[in-house]
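Report on the structure
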Protein chains: 2
Amino acid sequence: MSTAAPRAIGPLPRRQMLADDVHEAIKALIMDNAIEPGARVSIDGLARQLGVSPTPVREALARLESAELVVKEPLRGYRTTPLLTREQLDDLYQFRLLIEPWAARRAAEHSDAEGRARLDAEMRSCATPADDTYDSYKALAAHDTRFHVLVAELAGSAQVRRAFERTHCHLHIFRLHYDRGLGEQTIAEHRRITRAVLDGDPGAAEAAMREHLEAACYERLRPVSEEAGGPTRG
Amino acid sequence: MSTAAPRAIGPLPRRQMLADDVHEAIKALIMDNAIEPGARVSIDGLARQLGVSPTPVREALARLESAELVVKEPLRGYRTTPLLTREQLDDLYQFRLLIEPWAARRAAEHSDAEGRARLDAEMRSCATPADDTYDSYKALAAHDTRFHVLVAELAGSAQVRRAFERTHCHLHIFRLHYDRGLGEQTIAEHRRITRAVLDGDPGAAEAAMREHLEAACYERLRPVSEEAGGPTRG
DNA sequence: ATCACTCAGATCGTGTAGGAAATTTCCTGT
DNA sequence: ACAGGAAATTTCCTACACGATCTGAGTGAT
């Protein structure tokens, strides 16, 4: 490999479209719960609010519809996706338990040095949130998203990565109840998964991920299910 | 090109919204390989062909972009998604092996009478294709899609069902090589899975699905690997 | 003579403005 | 209080203007 082959350097970020900015703006509105779940999203209203014409808003909403962040009712307009029911949240975590422990195992088995360095850097750069503010929780949610995406990437499966991203699970968790004061526990569990991946211990990585998801599931399903007093994990 | 008729591909049977019809029309064009993989898809061109203005075409393409049937290059237009590489096809089948055997097991365990009746009806209504024509293969692919979606539905997991649908695996398989003359084998394997589900035998259902996917994977990966005419590293 | 660069014209994507059709809301009459 | 209907709002599509990109020929340099 002496001569430098014309390898794809990578597409330089050429985003200068208004529709992209509108898309990001509306996505941010939904992610921040500035629009209530199930609320109507007016095309003209958004256009006026953002100071653009309806066309780019329409294009952005069409993309968000395929991403299942909004739903369209013909001739009636768009609505944000409603809150998840208890069954849907259960189904979501069942799906995560199906693909993510597998991804953690694969990450421990097959990830390269560069990927492990990125995972290590992510864990080093995230501080445990001290306070219980809105911004603090948002930072934790952002770290959580990056962490799980990173594990999927290290597993080397683009399909698993996309499947995880398309669940938008953090949006749904966030909307159901932002903040349960479990930031430290989450970080600790992430550290355990990271250690297993960096040590190249597939079994430990898979188990740690499964327990991480089960803990989050049981923690978060509790308020959705009734106040049925049951023994909660410590 | 002499016979390039830029006139209407077909009169759109108008539902409620024009954009929906345009969306279905473009989707059909891609699914039928009427547009080559990686080929440019002109907004104005499609609008002229379908006899509508560019706006609904743009909305349809925006939705297809989120579904990953087309990709957008800003200020340059849309292209259909390119052919899958060997690694991507491998990854796709790895993903299917992760979720579909699990779905088959769950279908055998938890499906109700109505769902099993639907599965039975699907298998009864599909005849083994006698000829090797294009239409015959399309009918087989349509049955295959319905069958796998049905198994995911019987498993009771909307997440798995959506994850499967969003892979568009039949489109990719179809584009890589439509028809390998394995219709009978496919149907036979579907019958075996169906029997296990109807009998309520989770282990047999899971195993049958896994073997079904592995058979398809090995059948279909072979021509791709041999295509380069030698061991290619890269 | 071959190659690289430049500069027109053509083509296409992007955004704006306006009008037709449908829905929702509110008001009126019984 | 309920049914019927009209105004207001909104969606949806068309038509047009602007800007960027692509294609090809022409010019100059090596």
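Here goes a summary of the coordinates provided.

Rules used in this analysis
- Residues numbered from 1 in each chain as written.
- Chains lettered and ligands numbered in written order.
- Predicted model: local features only at pLDDT ≥ 70, side-chain atom pairs only at ≥ 80, totals over all residues.
- Heavy atoms only, no water.
- Near = heavy atom within 4 Å.
- Polar contact = N/O pair within 3.5 Å; in protein donor to acceptor, adjacent residues only side chain to side chain.
- Helix = DSSP H or I, 4+ residues; strand = E, 2+ residues; numbered from the N terminus.
- Nonpolar A, V, L, I, M, F, W, Y, C, P; charged D, E, K, R; others polar.
- Pairing = 2+ DSSP bridges.
- Contact = heavy atoms within 4.5 Å.
- Buried area = accessible area lost by both parts, 1.4 Å probe.
- Salt bridge = Lys/Arg side-chain N within 4 Å of Asp/Glu carboxyl O.
- Least-squares fit on C-alpha atoms with pLDDT ≥ 70 in both.
- Buried < 20%, exposed > 50% of the residue type's maximum accessible area, 1.4 Å probe, protein only.

Moving on, we come to the protein's contact with DNA strand D. The environment of DNA strand D is made up of 19 residues, and the closest members are A:Asp44, B:Leu18, B:Ser53, B:Thr55 and B:Arg76. Close to the protein, within 4 Å, the atoms of DNA strand D are drawn from sugar and phosphate at a rate of 76%. In the model, a phosphate oxygen of DNA strand D is placed 3.2 Å from a nitrogen or oxygen of the B:Ala19 main chain. Sorting the residues of the surface near DNA strand D by element identifies helix 2 (43-50) of chain A together with helix 1 (18-31) and helix 3 (54-66) of chain B as the ones contributing at least two each. No other element matches helix 2 of chain A, which puts three residues into the surface near DNA strand D. When grouped by side-chain class, the residues that make up the surface near DNA strand D number nine nonpolar, four polar and six charged.

To continue, consider the sheet that holds strand 3 (residues 77-80) of chain B. Residues and elements named next belong to chain B. The antiparallel open sheet is built from three strands, whose spatial order is 1-3-2. Unpaired on one side and paired on the other, strand 1 (40-41) and strand 2 (70-73) mark the two borders of the sheet. Relative to strand 3, strand 2 is paired through four bridges, and the arrangement is antiparallel. Bridge pairing links Val70 to Thr80 in strand 3.

The next subject is the interface of chain A and chain B. Each side of the interface is counted separately: chain A has 33 residues, and chain B has 33 residues. In total, about 3100 Å² of surface goes out of reach between chain A and chain B, with carbon and sulfur atoms giving 54% of it. Counting the contacts that link chain A with chain B gives ten salt bridges. Across the pair B:Arg166 and A:Glu68 runs a salt bridge whose closest N-O atoms are separated by 2.6 Å. Applying the counting criterion to the chain A and chain B interface returns 14 residue pairs in polar contact (both at pLDDT 80 or more). Broken down by secondary-structure element, the contributors of at least two residues to the side of chain A that touches chain B are helix 3 (54-66), helix 4 (86-110) and helix 7 (158-167) of chain A. It is helix 4 of chain A that contributes the most residues to the side of chain A that touches chain B, eight residues altogether.

With that settled, consider the relation of the copies chain A and chain B. With an RMSD of 0.1 Å, the fit of chain A onto chain B corresponds to turning through 180 degrees and sliding 0.0 Å along the axis. Considering both components of the superposition, the chain copies are consistent with a two-fold axis. A symmetric contact is evident, with 97% of the interface residues of chain A recurring at the interface of chain B.

Another point: the side chain of A:Thr167. Mapped onto the fold, A:Thr167 is located in helix 7. Among the polar contacts made by the side chain of A:Thr167, one reaches the main-chain carbonyl oxygen of A:Phe164 at a distance of 2.6 Å. Other than its neighbours up to four places away in sequence, A:Thr167 contacts A:Leu92, A:Phe95, A:His172 and B:Gln159.

A few words on the sheet that holds strand 3 (residues 77-80) of chain A. Spatially, the three strands line up as an open sheet ordered 1-3-2 (chain A), and their pairing is antiparallel. Each of the sheet's edge strands pairs with one partner strand only, and the pair in question is strand 1 (40-41) and strand 2 (70-73) of chain A.

Let us look at the pattern of salt bridges. Across all of its chains, the model carries 38 salt bridges over all chains by this definition. Residues B:Glu206 and B:Arg105 are paired through a salt bridge, measuring 2.4 Å at the closest nitrogen-oxygen approach. Residue B:Glu206 is located in helix 10 (residues 202-227), and its partner B:Arg105 is located in helix 4 (residues 86-110); the two are separated by 101 residues in the primary sequence. Judged by its relative accessible area of 18%, B:Glu206 is buried. Judged by its relative accessible area of 30%, B:Arg105 is partly exposed. Sharing partners across several salt bridges, the network here consists of A:Arg105, A:Glu109, A:Glu206 and A:Arg210.

Bear in mind that shape data such as this cannot, by itself, settle questions of function.
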